[in-house]
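Overview (structure and organization)
Take a look at the letters that make up each chain.
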Amino acid sequence: MSPMRDRLIFIAQLAFTLLVAAFLIVPAALSITAGVTVNYFRGVQSGLTLEWVVQVWELYADTILRSFAIALSTLGATLALGVPGAYSLYVRGGRLARTIEEIITLPLAIPGLAIALALLLAYGGFSDFRRSWLFILAGHVIFTLPFMVRSVIAVFAAIDVKTLDEGAASLGASPWRRFRDVIVPNARPGILAGSLMVVTLSLGEFNVTWMLSTPLTKTLPVGLADSYASMRLEVASAYTLVFFVMIIPLLVAMQVFAGWGATARPAR
Amino acid sequence: MTGTMTLRSFLALCLLPLALAVTAFFLLPMAKLIAVGASGKTGIAAYAAILLDARYRGTLINTVLLAAATTAATLVIATVAGLFLQRHRFPGRAVLVALLTFPLAFPGVVVGFMIILLAGRQGLIGEITLRLIGEKEVWAYSIQGLFLGYLYFSIPRVILTIMAAVEKLDPSLEEAARALGAGPLAVLRDVILPALRPAFIASGAIAFATAMGAFGTAFTLATNIDVLPMLIYTEFTLSANVATAAALSVGLGLVAWAILALARSVAGNAVAAAG
């Protein structure tokens, strides 16, 4: 093999990969620039400004705060439901547990629009519930639960939690104390990975949320869709910028965390 | 307080809240969706209409073709880039990987906006073609724009899966093939690509199912793009045709679920999660 040809193949592949990266990053960079530019069509030479970001806050602060509230509530609910549930499913094992796990994971395979329509048809008549942000919370919990449950089960499988549990049982600890003092601390990597996934997904969720929200319960992504349709490009971009600022620390945390060890990786 | 509780009843208690929530907010609503789908003027025949009605069938075929094209293109792009990134170490590689996976958490609406900035009326591509050939190319608000959007959100996911699979390849197989005189192309065709098959099936199925059901991108780009999620949206909100919207949703859910289930039976348990 000639080193010359290897060199050419390397350069061609590098150029291709850079092109793919440009396809993904250039629009994001354009959006970030547009969000802080006085006039996007005249370019950056028209000057930089935070005016659009301020305008976004005035127009959409409620959506930003609501998205945070829903994401944190979703996290609370998936922790409360998912961690004990995952423990029970893993320790029991058997066909029934596998079937239940399959059912919990189904929302991953079903488009969000269908889940939202189903919730709307089932509970749309309960108008207080339908009008409140709790309706959106229900959708987010169903949509993100699989990530928490699978992430925690993956850690249970990796650390052989059954042996730990039996060891603690032989010392006379009650099931509840074993769960609190042995199981949960050992499942921490899976709980953390699952939590990051749940919060990130909830903050960006649109497909389920769109049909569940009302003009008074808009979330950030629903507000984004709104601004893309009706606001000037600079405002839409500034709003997108706010979303990037919220989501990037979570993405970085996930990457750092995934680097810690294969056992801690979210099961996706 | 639970001192006398047996492990069996404790495990049941642990599962109870999860089971109740999933039943109340997923299983019952899904049953209702299926029932409403058969509650229109034509009854249960509404489900058959997805295939028999020319307009619905056309939209279904369109959606499947678009999802298939997205999947094929994504697999090719992600394999070239993923193999390259996993096999070479060079300065800036970590940054490049981070850039390629950065859009992983973008919702469909944001992806739609990215495509508008790239190929919309004031987009970058239009600016460039205006200067080069004197004509403004605008792709964003049509099925081409949607294709670009679906590529945008499937590339990062698939690249990650392919890179993880390449990392696990057994290098001794390639060395053996080379020692037997196989050239780089033959090694790629006969050793590397066959070994990556489970990763192709797993990530391809996820890309396909996600593209079938994606709604936010199409919603941002245009409401008249002829794909299934947009049809459900227009039937439900504009025509108030709830029964048809429900039947179409059930059909869409079944197709997406079947694709993932099929891929999992072929490629093993790595298949999950259409985000």
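Residues numbered from 1 in each chain as written. Chains lettered and ligands numbered in written order. Predicted model: local features only at pLDDT ≥ 70, side-chain atom pairs only at ≥ 80, totals over all residues. Heavy atoms only, no water.

A word on the overall build of chain A. A count of helical and extended segments in chain A gives twelve helices and zero strands. Put simply, chain A runs from its N terminus to its C terminus through helices and strands in the order α-α-α-α-α-α-α-α-α-α-α-α. Relative to the 2.2 N^0.38 estimate, which gives 18 Å for 268 residues, the radius of gyration of chain A is 23 Å and therefore markedly larger than a compact globule would have. In chain A, buried positions account for 55% of the 268 residues. As presented, chain A carries roughly 11500 Å² of accessible surface, and 66% of it is formed by carbon and sulfur atoms. With 19 positive and 14 negative side-chain charges, chain A shows a spacing of 5 Å between the two charge centroids. (Helix = DSSP H or I, 4+ residues; strand = E, 2+ residues; numbered from the N terminus. Rg over C-alpha atoms; globule rule 2.2 N^0.38 Å. Buried < 20%, exposed > 50% of the residue type's maximum accessible area, 1.4 Å probe, protein only. Areas by Shrake-Rupley, 256 points an atom, 1.4 Å probe, with all protein chains shown as cover. Lys, Arg positive; Asp, Glu negative; His and termini not counted. Charge placed at Lys NZ, Arg CZ, Asp CG, Glu CD.)

So, about the interface of chain A and chain B. In this complex, chain A contributes 81 residues to the contact, which on the side of chain B involves 85 residues. Together chain A and chain B conceal approximately 7300 Å² of surface at their shared face, both sides included; 83% is due to carbon and sulfur atoms. Seen at the junction of chain A and chain B, the total is one salt bridge. In this assembly, chain A and chain B are joined by five residue pairs in polar contact (both at pLDDT 80 or more). The leading source of residues in the side of chain A that touches chain B is helix H1 (residues 3-35) of chain A, at 17 residues. When the residues that make up the side of chain A that touches chain B are grouped by side-chain class, the tally is 63 nonpolar, twelve polar and six charged. (Contact = heavy atoms within 4.5 Å. Buried area = accessible area lost by both parts, 1.4 Å probe. Salt bridge = Lys/Arg side-chain N within 4 Å of Asp/Glu carboxyl O. Polar contact = N/O pair within 3.5 Å; in protein donor to acceptor, adjacent residues only side chain to side chain. Nonpolar A, V, L, I, M, F, W, Y, C, P; charged D, E, K, R; others polar.)

Our focus in this paragraph is the packing of aromatic side chains. Applying the stated criterion to the full structure yields 31 aromatic pairs over all chains. Through pairs of rings, three or more aromatic residues link up here, namely Tyr87(A), Tyr90(A), Phe156(A), Trp176(A), Phe179(A) and Phe10(B). Here the basic side chain of Lys162(A) rests over the ring of Tyr90(A), its NZ or CZ set 5.1 Å away from the ring centre. (Phe/Tyr/Trp six-rings, centres within 6.5 Å; stacked < 30°, edge-to-face > 60°. Lys NZ or Arg CZ within 6 Å of the ring centre and 35° of its normal.)

This part is about helix H4 (residues 93-101) of chain B. Residue and element names in this part refer to chain B. Taken together, the buried positions of H4 are occupied by Arg93, Leu96, Val97, Leu100 and Thr101. Within H4, the buried residues cover an arc of 125 degrees as seen down the axis, which keeps them to one side. Across from the buried face of H4, at angles greater than 90 degrees, the exposed residues are Ala94 and Val95. (Arc of directions from axis to C-beta.)

Turning next to the packing of helix H2 (residues 51-92) of chain A against helix H9 (residues 188-204) of chain A. Residues and elements named next belong to chain A. Two elements in contact, H2 and H9, have axes whose closest approach is 9 Å; the angle formed by their N-to-C orientations is 145 degrees. As H2 runs across H9, the sense of the crossing is right-handed. Across the interface between the two elements, Ser67, Phe68, Ile70, Ala71, Thr74, Leu75, Thr78, Leu79 and Val83 from H2 touch Ile191, Ser195, Val198, Val199, Ser202 and Leu203 from H9. (Axes fitted to C-alpha atoms, helices over the stretch in contact; angles between N-to-C directions. Left-handed = near helix turned anticlockwise from the far one by under 90°.)

It is worth spelling out the pattern of salt bridges at this point. All names here are of chain A. All chains considered together, the criterion is met by twelve salt bridges over all chains. Notably, a salt bridge pairs arginine 131 with aspartate 128, separated by 3.2 Å at the nearest N-O pair. Placement of the pair is arginine 131 and aspartate 128 together in helix H5 (residues 127-131), with a separation of three residues, close to one helical turn. On the accessibility criterion, aspartate 128 (60% relative accessible area) is exposed. With a shortest N-O distance of 3.3 Å, arginine 177 and aspartate 181 are connected by a salt bridge. You can see arginine 177 and its partner aspartate 181 sitting in helix H8 (residues 175-186), four residues apart, about one turn around the helix. Among the residues examined, aspartate 181 registers a relative accessible area of 37% and is labelled partly exposed. Here the salt bridges share partners, and the residues they tie into one network are Arg177, Arg180 and Asp181.

This next bit is on the environment of Ala199(B). All names here are of chain B. Mapped onto the secondary structure, alanine 199 falls in helix H10 (residues 197-213). Classification of alanine 199 by relative accessible area gives buried; the value is 9%. Sequence separation between alanine 199 and isoleucine 162 is 37 residues, and the spatial gap between their C-alpha atoms is 6.2 Å. With residues near it in sequence (within four places) discarded, alanine 199 still touches Thr161, Ala165 and Gly204.

None of the figures reported here should be taken as evidence of function without further support.
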